[in-house]
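Coordinate inspection notes
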Amino acid sequence: MSDRILIIGSSGQIGTELVMRLRSIYGNDNVIASDIKDAAPEVMESGPFEVIDGKNRDQVFYVVKKHKITQVYLLAAMLSATAERHVEAGWSLNMRTLSHVLDMGKDKIIKKIYWPSSIAVFGPNTPRILTPQHTIMDPNTVYGISKLSGERWCDYYNQKFGVDVRSIRYPGIISWKADPGGGTTDYAVEIFHKALKEGKYTSFLSENTELPMMYMPDALDATINLMEAPVEQIGIRSSYNVAGVSFTPKKIAEEIKKHIPNFEIDYAPDYRQPIADSWPQSIDDSVAREQWGWRHNYGLEEMTVDMLTNLKIKFGM
Ligand code: SER
């Protein structure tokens, strides 16, 4: 029987693109998109879509049964900045959906699970440069605490119940198709929009705040390569460090200026600054590289060119 895939959270920044990529691999009808809100037109029009709230076990179970789902990609989450402002809702969404899906793995209803973790699992006492796979983890955000708890549950369900769950600690994801929402790294997407539309941007992070980032095509490759890797290559069941490119607001502004010479940036750090200050500046992803052959393709230069080119077309410029 062919794989039947459910994506929970298909209307978000990553979901929008991951659905289309998975449909191109597994066939449109074998990839069921789902979210609490409608997805992008290309997602709605190219294959099945279900409205479900991932927190509601019965709704998830119904859709899994109805479509004979074998794999779930659980992307629904409240990101770092929003979850600080909605503590209960963030914790509930981020934890409950995961436990429903892990239980379906334990009960052998589904065979494989993808669940993203984040660089937010690290905290103020984590070594910030080339943060190792195994290190001090003391997150001080709701989002980070939920992701670290989730990692421990994934590892537990794998060890105790043999659940095939796989995970990546995403850095900030940069993309042009769908907007990010509620993250501390979102400035690195907004800056491109503002540069093209207004020629200036006020960054909510200070000029030298360095964070790990990744361009969407690399994030999609990482996700799919991990899910398709032979089971014996998967030595980590909490979540893998993966790295793309690290930069500061100042550095990305300089890169944009190469293409938009009059672009101006200033800085007004807000409540998101302390969140960024608690996260790594760069990530050591050698374990992912060794175990399942991860490597990234996009550096800052290539990413900037591709973002500007695609956003100009999107904005009709
Ligand atoms: N991009 C996320 C955030 O900023 C990190 O996983 O919340």
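Overview of the structure.

Considering the site of the ligand
As a matter of local geometry, the ligand sits amid Leu79, Ser80, Ser118, Tyr143, Gly183, Thr184, Thr185 and Trp279. For the ligand, an oxygen atom lies 3.2 Å from a polar atom in the side chain of Tyr143. Within the backbone of Thr184, an N or O atom sits 2.6 Å from an oxygen atom of the ligand. The fraction of the free accessible surface of the ligand (240 Å²) that becomes covered by protein chains is 93%. When atoms are counted within 2 Å of each cavity's grid points, the one that captures over half of the ligand is the largest pocket. Here the shell around the ligand is composed, by residue class, of 3 nonpolar, 5 polar and no charged.

A short note on the nonpolar core
Ranked by size, the top nonpolar core spans 64 residues in total, and within it Ile174, Phe192, Phe247 and Ile252 carry the most contacts. For this core, the element with the highest residue contribution is helix H7 (residues 187-197), accounting for 7 residues. Dropping the residues within four chain positions of it, Ile252 is found in contact with Tyr187, Ala188, Ile191, Phe192, Phe247, Leu300 and Met303. Among the nonpolar cores identified, the runner-up in size contains 34 residues, and Ile5, Leu22, Tyr26 and Val242 belong to it.

Details of helix H9 (residues 249-257)
Looking at H9, one finds that the buried residues are Pro249, Ile252, Ala253, Glu255 and Ile256. The buried side chains of H9 occupy one side of the element, clustering within an arc of 160° when seen end-on. Looking at the buried residues of H9, the elements they touch are H7, strand S10 (200-203), strand S13 (245-247), strand S14 (264-267) and helix H12 (300-314).

Quick notes on helix H6 (residues 142-161)
If you check H6, its first and last C-alpha atoms are 27 Å apart, about what 20 residues at 1.5 Å a residue would give, namely 28 Å. For H6, the elements touching its buried residues are helix H4 (80-85), helix H5 (87-106), strand S6 (117-118), strand S7 (164-166) and strand S8 (168-170). Looking one or two residues beyond H6, the residue adopting positive phi is Gly162, at roughly 70°.

A short note on the layout of surface pockets
Looking at the largest pocket, its volume works out to about 890 Å³. Per-element tally for the lining of the largest pocket: the top contributor is helix H1 (residues 13-26), with 3 residues. Classifying every residue of the lining of the largest pocket gives 18 nonpolar, 17 polar and 7 charged.

Observations concerning the environment of Glu45
In this fold, Glu45 is placed in helix H2 (residues 41-46). Considering only alpha carbons, one finds Glu45 and Ser99, 54 residues apart in sequence, at a separation of 30 Å.

Looking at the sheet that holds strand S12 (residues 240-241)
Reading across the sheet, the 3 strands line up as S6-S8-S12 and stay open at both edges, with parallel pairing between neighbours. If you trace the sheet from one side to the other, it starts and ends with S6 and S12, each paired once. Of the pairings in the sheet, the one linking S6 to S8 comprises 2 bridges and is parallel in character. The residue of S8 that forms the bridge with Ser117 is Arg169. Helix H8 (residues 216-228) contacts S8 and S12 of the sheet and is inclined by roughly 170° relative to S8.

What counts and how
Residues numbered from 1 in each chain as written. Predicted model: local features only at pLDDT ≥ 70, side-chain atom pairs only at ≥ 80, totals over all residues. Heavy atoms only, no water. Near = heavy atom within 4 Å. Polar contact = N/O pair within 3.5 Å; in protein donor to acceptor, adjacent residues only side chain to side chain. Areas by Shrake-Rupley, 256 points an atom, 1.4 Å probe, with all protein chains shown as cover. 1 Å grid on protein atoms, 1.4 Å probe; cavity = no way out; pocket = protein on both sides within 12 Å on 5 of 7 lines; lining within 4 Å. Sits in = over half its atoms within 2 Å of the grid points. Nonpolar A, V, L, I, M, F, W, Y, C, P; charged D, E, K, R; others polar. Core = buried A, V, L, I, M, F, W, Y, C linked by side-chain atoms within 4.5 Å. Buried < 20%, exposed > 50% of the residue type's maximum accessible area, 1.4 Å probe, protein only. Helix = DSSP H or I, 4+ residues; strand = E, 2+ residues; numbered from the N terminus. Contact = heavy atoms within 4.5 Å. Arc of directions from axis to C-beta. Expected span 1.5 Å × (residues − 1). Points joined across faces, edges and corners; volume = space filled by probe spheres on them. Pairing = 2+ DSSP bridges. Axes fitted to C-alpha atoms, helices over the stretch in contact; angles between N-to-C directions.

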